[in-house]
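Here is what each chain is made of, one letter per residue.
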Amino acid sequence: MTKLLDLSLAQLVSKVKSKDISSKEITATYVERSKKSKKLNSYVEETFESALNLSEKFDMKPDFNKKLPGIPFAIKDLFCTKNVKTTASSKILENFIPTYESSVTQNLWNEGAILLGKLNCDEFAMGSSNETSYFGNVISPIDDNLVPGGSSGGSASALAAKLTPATIGTDTGGSIRQPASFTGTVGLKPTYGSCSRYGIVAFASSLDQAGPMTRDVKDCALLLEVMSSFDPKDSTSINFKRPNYFSDLNKNIKGKKIGIPKEYRVDGMPSEIEKLWENGKEYLKDCGAEIIDISLPHTNYALPTYYIVAPAEASSNLARYDGVKYGFRADGENLIDMYEKTRSQGFGDEVKRRIMIGTYVLSSGYYDAYYLKAQKVRKLIKNDFDDAFNKVDAILTPSTPSSAFKIGDKSNDPVSMYLNDIFTVPVNLAGLPGISIPAGLDKNSYPLGLQIIGKPFDEQGILDIAYSMEEKINFKLDINDWWMK
Amino acid sequence: MSIDLKTVKHISKLSRISIDDQKAKKLEKDLNSIFKWIEQLNQLNTDKVEPLTSIAETTLRFRKDQIESKNIREDILKNSPKDNKDYFVVPKVVE
């Protein structure tokens, strides 16, 4: 059965279509392995029985025209799934069972995919290490006590441990790309407006995007093609002609201009990352691309801007959790007391901290000094990218300033935790597409990633660049299944 | 600009999150370190910069004013924390 687990998503799809493997065989293999992998704590809800039933149903009446025929998927527990518990890894939604389906997951099921279960994440996607989940830390399959990154940490862990052939996450400030980088996998955050936000538990609505997390670039193109669609139910969904990312994927990047932003060379960055970045440039040159030095002068201001904008939006979005219509309720002496106790007991520390930051920056007397200021700096950051894209087709940067760290290493210092997202956050603020691909290992043999940032709606462009680089990098990571022993 | 304990308690009130004194003290420390770091934004002169309010530069679409979800009372009440088939139940509001 090892062989089946080694197949990529695209390979599985073609083997199902050629009738070499059944949906049941695939599903049973992933269910069995997931059951043996509890130590990683990547699942918060298992739907193994229904997955097996659905796979049998698929095999009885297979539709080989589907893009994901009978393929099982475990997904981040931030996507609402009809009649399946959706918690955002928070106590406040511990028993929430949506009566509707998110548009992105509906797109998956429409193409024949089957739900394996819901994956752990940071509470309300607020975190960079999957240490804020109400359901406990997720462990990286790469090493004992190593964080998988966050907030899509359960997704990254399950993907790297081969508990799902591919998965989907959400990315508000790096929550797909940073965990992908930490676990040696591929993760793409699409252009804002590409994937519908309908039915995704909201964190910061002007930044949130869903995206694919996969073993290789080809799978990433395939899954993005299924996920991305215009959706009238999301007022910021954009109606543009979406290419066939998968069939259009190619390695012809000759003559493409790739920018290297000098501001991403930050103090204290390990030499291995510097080296990786240099190698990346060489690979691109080998493929016929042209390397151009560029400047994104406001890069350093992106994180503080993000930590005003995102909590402000979160404090508004999370106002809905009041214990009245759904979710956890604590008893109180009166209505206000009920609200205060419900939110105090229902939210974890990081979520409360961000609600309070957001409430403060939006409060009377501080709005101009913080929120308005941040919106203006956000404009400057976007202008930086607009200027850069007059000169280049895409931008190459490291994905993260370090490799994965141990559980507990950064959880007591919020600012040092926030610094993890220094290279990914500017992309969300500017609404651009970005992809992280595995590019090498550090001295502890922990994975490191490179990020390619594209022009708005040029997912195809960054996928093609990633596809070309992937071949040259030839990344290999041996995961020895230590958690099953 | 530093945030004192009184401000922390005021924000917690505005946020409708009750906190005890020990938590308030911890938050005072955390929030001060976060805002000290955030204040580097003041190095930038943004007097002539327009705020970016939406990344998608589109005007909101209109849709037909028609009901699409019908007979969903049960669905809506399904996750209500206090059982009642007709209403959401809350603590007494009017004396």
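Calculation rules
Residues numbered from 1 in each chain as written. Chains lettered and ligands numbered in written order. Predicted model: local features only at pLDDT ≥ 70, side-chain atom pairs only at ≥ 80, totals over all residues. Helix = DSSP H or I, 4+ residues; strand = E, 2+ residues; numbered from the N terminus. Buried ≥ 20, exposed ≤ 12 C-beta atoms within 10 Å, placed from the backbone. Pairing = 2+ DSSP bridges. Contact = placed C-beta atoms within 7 Å. Nonpolar A, V, L, I, M, F, W, Y, C, P; charged D, E, K, R; others polar. Axes fitted to C-alpha atoms, helices over the stretch in contact; angles between N-to-C directions. Parallel < 35°, antiparallel > 145°, perpendicular 65-115°, else oblique. Core = buried A, V, L, I, M, F, W, Y, C linked by C-beta atoms within 7 Å.

## Considerations on the overall build of chain B
- When helices and strands are counted, chain B shows 3 helices and 0 strands.
- In chain B, the succession of helices and strands from N to C terminus is α-α-α.
- Looking at chain B as a whole, 16% of its 95 residues are labelled buried.

## Comments concerning the pairing of strand E3 (residues 114-119) of chain A
Residues and elements named next belong to chain A.
- Among the 6 residues of E3, 6 are classified as buried, and the element is accordingly described as predominantly covered.
- The pairing of strand E1 (residues 43-46) with E3 spans 3 bridges and is antiparallel. Its bridge partner being in E3, Glu45 is matched across the sheet by Lys118.
- With 5 bridges connecting them, strand E2 (residues 72-76) and E3 associate as parallel partners.

## Side note on the interface of chain B and chain A
- Counting residues at the interface gives 40 residues for chain B, matched by 54 residues for chain A.
- Considered class by class, the residues forming the side of chain B that touches chain A number 22 nonpolar, 11 polar and 7 charged.

## Some remarks on unusual backbone geometry
- In this chain, A:Gly150 is followed by A:Ser151 through a cis amide linkage whose omega measures 10°.
- Inspection of the secondary structure puts A:Ser151 in the loop between E3 and helix H6 (153-160).

## Digging into the packing of helix H10 (residues 302-317) of chain A against helix H12 (residues 349-362) of chain A
Residue and element names in this part refer to chain A.
- Axis separation between H10 and H12 bottoms out at 7 Å; the angle between their running directions is 100°. In terms of their interaxial angle, H10 and H12 are classed as roughly perpendicular. Packed against H10, whose contacting residues are Tyr307, Ile308, Pro311, Ala312, Ala314 and Ser315, the element H12 presents Arg354, Ile355, Ile357, Gly358, Thr359, Val361 and Leu362 at the interface.
- Of the residues assigned to the contact of H10 with H12, the class counts are 9 nonpolar, 3 polar and 1 charged.

## Some thoughts on the sheet that holds E2(A)
All names here are of chain A.
- Ordered by their spatial adjacency, 3 strands build an open sheet running E1-E3-E2, and the pairing between neighbours is mixed. Each of the sheet's edge strands pairs with one partner strand only, and the pair in question is E1 and E2. Pairwise comparison of adjacent strand axes, ignoring direction, gives a mean angle of 35° for this sheet.
- Strands in contact with helix H3 (residues 23-35) are E1, E2 and E3; relative to E3, the strand with the most contacts, it is inclined by about 20°.

## Some thoughts on the nonpolar core
Residue and element names in this part refer to chain A.
- Core analysis: the biggest nonpolar cluster contains 150 residues, and Ile71, Phe73, Leu116, Ile308, Leu463 and Ala466 have the highest contact counts within it.
- Ranked by the residues each element gives to this core, the list is headed by H10, at 9 residues.
- Aside from chain neighbours lying at most four places away, what touches Ile71 is Leu9, Leu12, Val13, Ile26, Gly112, Ala113, Ile114 and Pro165.

## Some details on the pairing of strand E11 (residues 447-454) of chain A
Residues and elements named next belong to chain A.
- Most of E11 sits inside the fold, with 8 of its 8 residues counted as buried.
- Where burial is concerned, the two faces of E11 agree: the one with Pro447, Gly449, Gln451 and Ile453 and the one with Leu448, Leu450, Ile452 and Gly454 are both buried.
- In this structure, strand E10 (residues 434-441) lies alongside E11, joined through 7 bridges in antiparallel fashion. From the neighbouring strand, Gly440 faces E11, where its bridge partner is Leu448.
- Hairpin connection, E10 to E11: the antiparallel pair is bridged by 5 residues, and Ser445 has positive phi, about 65°.

## Remarks on the sheet that holds strand E5 (residues 186-189) of chain A
All names here are of chain A.
- Read across the open sheet, the 8 strands follow the order E4-E6-E5-E10-E11-E9-E7-E8; overall the sheet is mixed. Each edge of the open sheet is held by one strand with a lone partner, namely strand E4 (167-171) and strand E8 (290-294). Strand-to-strand twist of the sheet, defined as the mean angle between neighbouring strand axes without regard to direction, takes the value 30°.
- Pairing of E5 with strand E6 (residues 209-214) involves 2 bridges; the strand directions are antiparallel. When the sheet's bridge partners are listed, Gly187 is paired in E6 with Met213.

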